[in-house]
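# Chain and residue survey
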Amino acid sequence: MIIYGIKNCDTCRKAMKWLDEAGIAYRFHDFRKDGLAPEELAKWLAAIDRDVLINRRGTTYRQLDDKAKAALAGEEPAAVLLGAPTLMKRPIFACEGTYLVGFGDAQKAALKDLAG
């Protein structure tokens, strides 16, 4: 399992602590430090609804110009997301072609199922 996020994200830290306590193995991938491969993002865009993937409530989104916001809603959001990966909700869990976004009760249950 790979967790994608940023090191200073409170939700990512909570998720990693929970996984450690549950004995679930994972690898953390920091968007800012490690970057994000366009191929991986393409998989996410194919598998995850944009309304789930894109964080429209964050500072990064609010600072975008209208052209970038239109690109996120249009056919080619990848360029904007690769340029500002913090536009995506965090954490993103990737495990054998299954993707989960966020860290609530539903994600915890799904993570237990994936790990079991």
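Placed above this text is the structure.
Here the structure is a predicted model, which means the values were calculated and not measured.

## Details of the packing of aromatic side chains
- Summed over all chains, the structure comprises five aromatic pairs.
- The interplanar angle of 70 degrees and the centroid separation of 5.7 Å between the aromatic rings of Trp18 and Phe103 together place this pair among those described as edge-to-face. Here Phe103 lies in the loop between strand S4 (98-101) and helix H8 (105-115) and Trp18 lies in helix H1 (residues 10-22), a separation of 85 residues in the sequence. Comparing Trp18 with Phe103, the two get one shared label, buried.

## Points about the environment of Met1
- Within the secondary structure layout, Met1 lies in the segment before strand S1 (2-5).
- Exposure remark for Met1: the relative accessible area of 21% places this residue in the partly exposed category.
- Separated by 38 residues in the primary sequence, Met1 and Glu39 have C-alpha atoms spaced 17 Å apart.
- Apart from the residues lying within four places of it in its own chain, the contact partners of Met1 are Leu19, Ile24, Ala25, Tyr26, Arg27, Phe93, Ala94, Cys95 and Leu111.

## Quick word on the environment of Gly23
- Residue position: Gly23 is located in the loop between H1 and strand S2 (27-30).
- Among the residues examined, Gly23 registers a relative accessible area of 65% and is labelled exposed.
- The spatial distance from the C-alpha of Gly23 to the C-alpha of Lys112 is 10.0 Å, given a sequence separation of 89 residues.

## So, the pattern of salt bridges
- Evaluated as defined, the whole model comprises three salt bridges.
- As a salt-bridge pair, Arg13 and Asp10 come within 2.3 Å of each other at their nearest N and O atoms. Of this pair, Arg13 and Asp10 both sit in helix H1, three residues apart, which is roughly one turn of the helix.
- Here Asp10 falls in the partly exposed class, since its relative accessible area comes to 48%.
- Close ionic contact of Asp51 with Arg56 constitutes a salt bridge, the shortest N to O distance being 3.4 Å.
- With relative accessibility at 32%, the residue Arg56 sits in the partly exposed group.

Rules of the game
Residues numbered from 1 in each chain as written. Predicted model: local features only at pLDDT ≥ 70, side-chain atom pairs only at ≥ 80, totals over all residues. Heavy atoms only, no water. Phe/Tyr/Trp six-rings, centres within 6.5 Å; stacked < 30°, edge-to-face > 60°. Helix = DSSP H or I, 4+ residues; strand = E, 2+ residues; numbered from the N terminus. Buried < 20%, exposed > 50% of the residue type's maximum accessible area, 1.4 Å probe, protein only. Contact = heavy atoms within 4.5 Å. Salt bridge = Lys/Arg side-chain N within 4 Å of Asp/Glu carboxyl O.

Interpretation note: all reported values are geometric properties and have no functional meaning in isolation.
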